Amino acid sequence: MAEPTVTLNVTRYRPGKDSTPTAESYAVPYHKDWVVLDALNHIKDHMDGTLTYRWSCRMGVCGSCGMMVNGVPKLTCAAFLRDYYPGEIRVEPLSYFPVIRDLVIDMSDFLDKLKSVKPWIIRKTEKPVSEGEYLQSPAELEAYKQFTQCINCMLCYAACPVYGLEPEFLGPAAIALGYRYNMDSRDQGKDQRQPVLGSHNGIWQCTFVGECSEVCPKNVDPAAAIQRSKVDYTKNWFKSILLPWGGK
Amino acid sequence: MTEAKNTEPLWWGLFSAGGVVAAFLVPVHIILFGFAVPLGWVSDSGMLYRNGLIKIYLFVLIALPLYHWAHRFYFALNDMKLGLPRKPLALLCYGGAIVGTLATIWVLLSL
Amino acid sequence: MSVVRPDKSKLFYRELPRSWWLSKQSYFLFMLRELSSLFIAIFLVVFLVQLYQLTRGPEAYAAFARKLSSPGWILFNLITLLFALYHSITWFYSSAIVLPLRIGEREIPRNLFVALNIGVLIVVSLVIWRLFLAFNG
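It should be emphasised that the depicted structure is a prediction, and the values quoted were computed from it without experimental measurement.

Chemist: Lay out the overall build of chain A in plain terms, naming residues and giving numbers.
Modeler: A tally of regular secondary structure across chain A gives nine helices and seven strands. Burial status across chain A gives 44% buried among its 248 residues. Sequence-distant contacts, at least 24 apart, represent 64% of the contacts inside chain A between residues at least 6 apart.

Chemist: An account of the overall build of chain C is requested, with residue identities and associated values reported.
Modeler: What chain C contains, in helices and strands, is four helices and two strands. The helix and strand sequence of chain C, counted from the amino end, reads α-α-α-β-β-α. Here the C-alpha atoms of chain C give a radius of gyration of 23 Å, more than 25% beyond the 14 Å that 2.2 N^0.38 yields for 137 residues. For chain C, the spread of C-alpha atoms along the three principal axes comes to 75 × 45 × 25 Å. The buried share of chain C, taken over its 137 residues, is 26%. Taking contacts inside chain C between residues at least 6 apart in sequence as the whole, the part at least 24 apart equals 47%.

Chemist: Can you lay out the confidence of the model for chain C for me, pointing to particular residues and giving the numbers?
Modeler: Mean pLDDT over chain C stands at 93; residues scoring 70 or higher make up 97%. Complex prediction metrics read pTM 0.93 and ipTM 0.94.

Chemist: I'd like to hear about the nonpolar core, residue by residue, with values.
Modeler: Counting residues in hydrophobic clusters, the biggest one holds 122 residues, and the most contacted among them are Val36(A), Met154(A), Cys156(A) and Ile40(C). Looking at this core element by element, the count peaks at 13 residues for helix α4 (residues 52-79) of chain B. Discounting chain neighbours no more than four positions away, the residues touching Val36(A) are Val69(A), Thr76(A), Ala79(A), Leu81(A), Ile89(A) and Val91(A).

Chemist: An account of the interface of chain B and chain C is requested, with residue identities and associated values reported.
Modeler: Between chain B and chain C, the residue contacts involve 41 residues of the former and 43 residues of the latter. Broken down by secondary-structure element, the contributors of at least two residues to the side of chain B that touches chain C are α2 (8-24), α3 (26-36), α4 and α5 (86-110) of chain B. For the side of chain B that touches chain C, a count of residues per class yields 28 nonpolar, nine polar and four charged.

Chemist: Go over the interface of chain C and chain A with me, naming the residues and quoting the values.
Modeler: Each partner contributes to the interface: chain C provides 18 residues, whereas chain A provides 27 residues. When the residues that make up the side of chain C that touches chain A are grouped by side-chain class, the tally is 12 nonpolar, two polar and four charged.

Chemist: Account for the sheet that holds strand β5 (residues 89-92) of chain A, with residues named and values stated.
Modeler: Adjacent strands of a sheet form backbone hydrogen bonds with each other and so pair up, either parallel or antiparallel. Residue and element names in this part refer to chain A. Strand order in the open sheet formed by five strands is β2-β1-β5-β3-β4, and the pairing between neighbours is mixed. Because the sheet does not close on itself, it has two edges, and the strands there are β2 (22-29) and β4 (72-75). Neighbour to neighbour, the strand axes of the sheet diverge by 35° on average, direction disregarded. Sheet topology note: the strand β1 (residues 5-12)/β5 ladder contains three bridges and is parallel. Each bridged residue has a counterpart across the sheet, and for Val10 the counterpart in β5 is Val91.

Chemist: An account of helix α6 (residues 172-182) of chain A is needed here, citing residue identities and associated values.
Modeler: All names here are of chain A. Most of α6 sits out of view: 11 of its 11 residues are buried. Those residues of α6 lying buried are Pro172, Ala173, Ala174, Ile175, Ala176, Leu177, Gly178, Tyr179, Arg180, Tyr181 and Asn182. If you follow the buried residues of α6, they end up packed against α2 (108-116), α4 (155-159), α7 (190-197), α8 (211-215) and α9 (222-242).

Chemist: Can you tell me about the environment of Pro109(C), naming the residues and giving the values?
Modeler: Inspection of the secondary structure puts Pro109(C) in the loop between β2 (106-107) and α4 (110-136). Under the C-beta neighbour-count criterion, Pro109(C) is labelled exposed, with 12 such atoms within 10 Å.

Chemist: For the environment of Gly57(C), give the residues involved together with the corresponding values.
Modeler: Position of Gly57(C) among the secondary structure elements: in the loop between α1 (25-55) and α2 (58-67). Note: C-alpha distance between Gly57(C) and Glu105(C) (48 residues apart in sequence) is 57 Å.

Chemist: Got a sec to walk through the packing of α4(B) against α1(C)? Specific residues and values, please.
Modeler: One way to put it is that α4(B) packs onto α1(C) with a least axis distance of 8 Å and a crossing angle of 145°. Classified by chirality, the crossing of α1(C) by α4(B) is left-handed. Between α4(B) and α1(C), the contacting residues are Ile62(B), Pro65(B), Leu66(B), His68(B), Trp69(B), Arg72(B), Phe73(B) and Ala76(B) on the first element and Met31(C), Glu34(C), Leu35(C), Ser37(C), Leu38(C), Ile40(C), Ala41(C), Leu44(C), Phe47(C) and Leu48(C) on the second.

Chemist: Outline the pairing of β1(A), listing residues and values.
Modeler: Across a regular strand the side chains alternate sides, sitting on one face of the sheet and then on the other. Sheet topology places β1(A) next to β2(A); eight bridges connect them, and they run antiparallel. For Val10(A), the partnering residue across the bridge sits in β2(A) and is Glu24(A).

What counts, and at which threshold
- Residues numbered from 1 in each chain as written.
- Chains lettered and ligands numbered in written order.
- Predicted model: local features only at pLDDT ≥ 70, side-chain atom pairs only at ≥ 80, totals over all residues.
- Helix = DSSP H or I, 4+ residues; strand = E, 2+ residues; numbered from the N terminus.
- Buried ≥ 20, exposed ≤ 12 C-beta atoms within 10 Å, placed from the backbone.
- Contact = placed C-beta atoms within 7 Å.
- Rg over C-alpha atoms; globule rule 2.2 N^0.38 Å.
- pLDDT = per-residue confidence, 0-100.
- Core = buried A, V, L, I, M, F, W, Y, C linked by C-beta atoms within 7 Å.
- Nonpolar A, V, L, I, M, F, W, Y, C, P; charged D, E, K, R; others polar.
- Pairing = 2+ DSSP bridges.
- Axes fitted to C-alpha atoms, helices over the stretch in contact; angles between N-to-C directions.
- Left-handed = near helix turned anticlockwise from the far one by under 90°.

Written as structure tokens, this is what we have:
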């Protein structure tokens, strides 16, 4: 009996040669323990060495192999063929990002945005090492812990129609990471992040579709981070208007 | 005071307050005034609405969900990519809610 | 750290299709949630017009209520009621995410939060219904 195969329809785009991306079909051996990334590696090793895509760790940690699998943003290292078999599998580059080649997207927009929220601990004055660590209670850790799980895979951007509509939108992961540092008891940089996070293109563009949190492979909840930030900024705004001392 | 200049928290605050009112209070009013009163299940002389406290309640019930509508409708039409110009659309939605608020005040004070 | 930037002229840009919200069930439900606000607002404006009729006298008020008993208005109010209840449920679910209730240090489960809010909605509705009957009785 012939070895069972599964058909992958993979987006190909050769910059400078193709005017638009096209789909190429490949019949790949089906193994029930294979993930979509294994199938792509099989294509590259045995069928077409020019196929281009990003990957690294194969274990859901590096965040490189995010692609659209049947229209849904997935880490291809965690998307098993058996969940689609015997159906065909459509593999496309992550939505909304510009395509560089085949399945590789240009992530510089995300990297700029990530940097703009200053995702690091900001202190007004660093205390000297001799004074010891910045201590934190379990409750203080809990306030931001889930948001530290973000691996910058950008699946949340590819799931967000607002980002598709408004490329200027800061987007789920960048806001979630800004929020992560705002919520860290050791951090004092909230005011410095305010001009970016609290701007129109920051949290206020979000209409709470909620898909970012649905597709996150690390169970981060960017939608919650964004809405909680809205509540926080709104409270502060009303305080600054209504209280004579500006709520400071 | 760059914080106060961005009015988005104001509109979002009104949107949220309206959302809460709509979620908890509106359904029973639809049952009352959409079905029970028109179909004669209950009688309604209208005398009730001359009470000051009831007027305040009715103001909250009617005015706040208008801002909830304005916010969601504006963003939904944007999201639908209908190509509508933004500024006039915002004026229509949020301005509509403000006009609705003034009309509510006027009607309630005339009762 | 500088970001490596590819040659922009060689990139392929994709746009969000206008029909994006029809392409996926969750997007469609999102749009229904947003549009529920329109039905609620129309109902409240009609209610305001009804109150305005009261300023013109009890006859005008009663006449307006009779107008609302037409099949068209009943159908509209039925649709509005369904949208309003959909708004309530989705609002409670959103609230569970945005303002989670904590007992001690633990957040209560989101489904329990929604159930509690539905309980409050029912109690509030019954109280308003009873008060309305009491004052008009």
